[in-house]
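Notes for the structure review
This is what each chain is made of:
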Amino acid sequence: MRKFSAHRIYPVNRNPISFGIVETDDDGTILNIRETGGKPVEEAGLEFYPGIIIPGMVNAHCHLEVSHLKGLIPEHTGLSGFVSSLQKIRHIDQEKIVQAAAEADRVMYMQGVSGVGDISNLELTLPVKLKSRIRYHTFIEIFGLDAVIASARFQNGVHLARVFSEAGQPNSLSPHAPYSVGKAMWDLLSREANPSGRISIHHDESPEEWELLELGTGPLAEGFRRAGFDIGNLPSEAPDIFQLLDKYLPVDELILVHNTIMEKVPSARDIKRTVYWVLCPRSNQYIENLLPDIEAFAASGLTVCLGTDSLASNHSLSVLDEMKVILQAVPGVTFETVLRWATLNGACALGMEKNLGTIEKGKLPGLVNIPVFDWLQNRLGPRSQPVRLI
Ligand SMILES: [Zn+2]
């Protein structure tokens, strides 16, 4: 058994505990959490860490398989610039892709991430995920506007899902985004995808996407036309995510990723289904130089989660860095709120809440120490960094 203590423990499912003690067994399962009356105590075998201890974090949106593109795509080029850069350099030798994914996985674990929702088009990250100490849910990405090749592409996705399932890796088929999936592909998804599963879909990421969907114009639409894609193949419901999914894929659990340019953040009262709203602020800054309306999300009562997106559009896969950007950009949002987004909410979004997300008896969330904490403002400071304890 090990015993961990810090100036403050954040279990997330209950109030923070000053000088609390977390007992774990050797594999990291939480056995007990003890209060000490707010005072430091001395005990044999107690490991005391300065600062705070939080549960391992959950990265609700990542693309591990493009980790080899770190630093290669210029910033602030908008979604169409990003997509065209990505297409030019995406395919290199497979060995490099696997090496970069393995390194990204290793670093992400050391930076305190215990669970990841990962978008995949390829099988290449499977061996990395099988060896990883991080739990993954893989969303097999389905996209394409062309009706002629829709069936073959869809079958590729179905095959990939089977390969992941046979290896014991949780996964589900997921449409990429409302602007990149044609009617024929939606029909296939609606016939074959499991409606009781969970999907993760990019949503309201950029003004260019909105222009394409609403007006059929703009740089993204032009890029599609140049590449020979017919945006006339998009379903008429594509501009409204809920209408679209009601028609084709009325799933129980829905993860909407980005939500950067929503005209108005809805209130939780108005959403009649289970939706997890993933924000990827540093990726939005990288591609669009924009941030979602974080303050409105914090006030909305919606279930918000955090994601890093990929190393093609971010400088690291550290969820703590996403928290820092939010806390710096929006002074009105509390550390406790953002911590819940970074832990428990992401675990629920990925169906991992039985094991991850809180420091709670019986779970294996991992423990992360943040030695430098701004006690005056009660939030992370610029020099706060995560240290993985278990
Ligand atoms: Zn993404």
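To keep things clear, this report deals only with the structure shown in the data block. Only a predicted model underlies this, so the values are computations on that prediction, with no experimental measurement involved. Counting of residues starts from 1 at the beginning of each chain's written sequence and follows it residue by residue. Local features are withheld for residues below a pLDDT of 70 in this predicted model, meaning they are given only at 70 or higher, and side-chain atom pairs are given and counted only at 80 or more; totals for whole chains, interfaces and linings count all residues.

**Some points on the overall build of the protein**
Strands here are runs of E lasting at least two residues and helices are runs of H or I lasting at least four, both read from the DSSP assignment and numbered beginning at the N terminus. If you tally the helices and strands in the protein, you get 13 helices and 15 strands. Throughout, the radius of gyration refers to the C-alpha atoms, and the reference size of a globule is 2.2 Å times the residue count to the power 0.38. Computed over the C-alpha atoms, the radius of gyration of the protein is 21 Å, within 12% of the 21 Å expected from 2.2 N^0.38 for a compact globule of 390 residues. C-alpha extents for the protein along the principal axes are approximately 70 × 45 × 40 Å. Within the protein, buried positions represent 48% of all 390 residues. We call two residues in contact when the distance between their C-beta atoms, placed using the backbone, is within 7 Å. In the protein, the proportion of contacts linking residues at least 24 apart, taken out of those at least 6 apart, comes to 71%. Field definition: a residue is buried when 20 or more other C-beta atoms are found within 10 Å of its C-beta, exposed when 12 or fewer are, and partly exposed for counts in between, with C-beta atoms placed from the backbone.

**Side note on the packing of helix α1 (residues 78-89) against helix α7 (residues 219-226)**
Structural elements are reduced to axes, namely lines fitted to C-alpha atoms, with helices fitted over the stretch in contact, and the angle between N-to-C directions of any two is expressed from 0 to 180 degrees. At a closest axis distance of 8 Å, the pairing of α1 and α7 adopts a crossing angle of 30°. Judged on the interaxial angle alone, α7 and α1 are roughly parallel. The segment α1 lies against α7, with Gly78, Leu79, Ser80, Val83 and Ser84 engaging Pro219, Leu220 and Gly223. Any angle from 65 to 115 degrees is called roughly perpendicular, while one under 35 is roughly parallel, one over 145 is roughly antiparallel, and all others are oblique.

**Considering the sheet that holds strand β11 (residues 253-258)**
If you trace the four strands from one edge of the open sheet to the other, you get β10-β11-β12-β13, paired in parallel fashion. The outermost strands of the open sheet, each flanked by one partner alone, are β10 (198-203) and β13 (303-306). In this sheet, neighbouring strand axes are inclined to one another by 30° on average, regardless of whether the strands run parallel or antiparallel. A pair of strands is treated as paired once DSSP finds two or more bridges between them. In terms of strand pairing, strand β12 (residues 274-279) meets β13 through four bridges, oriented parallel. Residue pairing for β13: Tyr276 is matched across the bridge by Thr303.

**Remarks on helix α4 (residues 147-166)**
Turn by turn, an α-helix covers 3.6 residues, leaving residues three or four places apart pointing in a common direction. For a helix, the expected span equals 1.5 Å multiplied by the residue count minus one. Its 20 residues give α4 an end-to-end C-alpha distance of 29 Å, which sits within 8% of 28 Å, the value for a rise of 1.5 Å per residue. Listed in full, the buried residues belonging to α4 are Ala150, Phe154, Gly157, Leu160, Ala161 and Phe164. All buried residues of α4 lie within an arc of 120° about the axis, which places them on one face of the element. Relative to its buried face, α4 has exposed residues pointing more than 90 degrees away, namely Val148, Ile149, Ala152, Gln155, His159, Arg162 and Glu166. Trailing α4 by a residue or two, Gly168 shows a phi angle of about 80°, which is positive. This arc is taken over the directions from the axis of the helix to the C-beta atoms.

**Examining the nonpolar core**
In terms of nonpolar packing, the biggest core is built from 109 residues, with Ile53 and Val278 touching the most fellow members. Inspection of this core shows a minimum of three residues originating in each of domain 1 (1-55 + 357-390) and domain 2 (57-356). A set of buried residues drawn from Ala, Val, Leu, Ile, Met, Phe, Trp, Tyr and Cys, joined through C-beta atoms within 7 Å, is what defines a nonpolar core. Start and end positions for the domains come from either an automated domain assignment or a database one.

**Some words on the sheet that holds strand β8 (residues 135-142)**
Across the sheet, which stays open at both edges, the four strands sit in the order β6-β7-β8-β9 with parallel pairing between neighbours. Where the open sheet ends on each side, the last strands, each with one partner, are β6 (57-62) and β9 (171-175). Looking at each pair of strands side by side, their axes are set apart by 20° on average, direction ignored.

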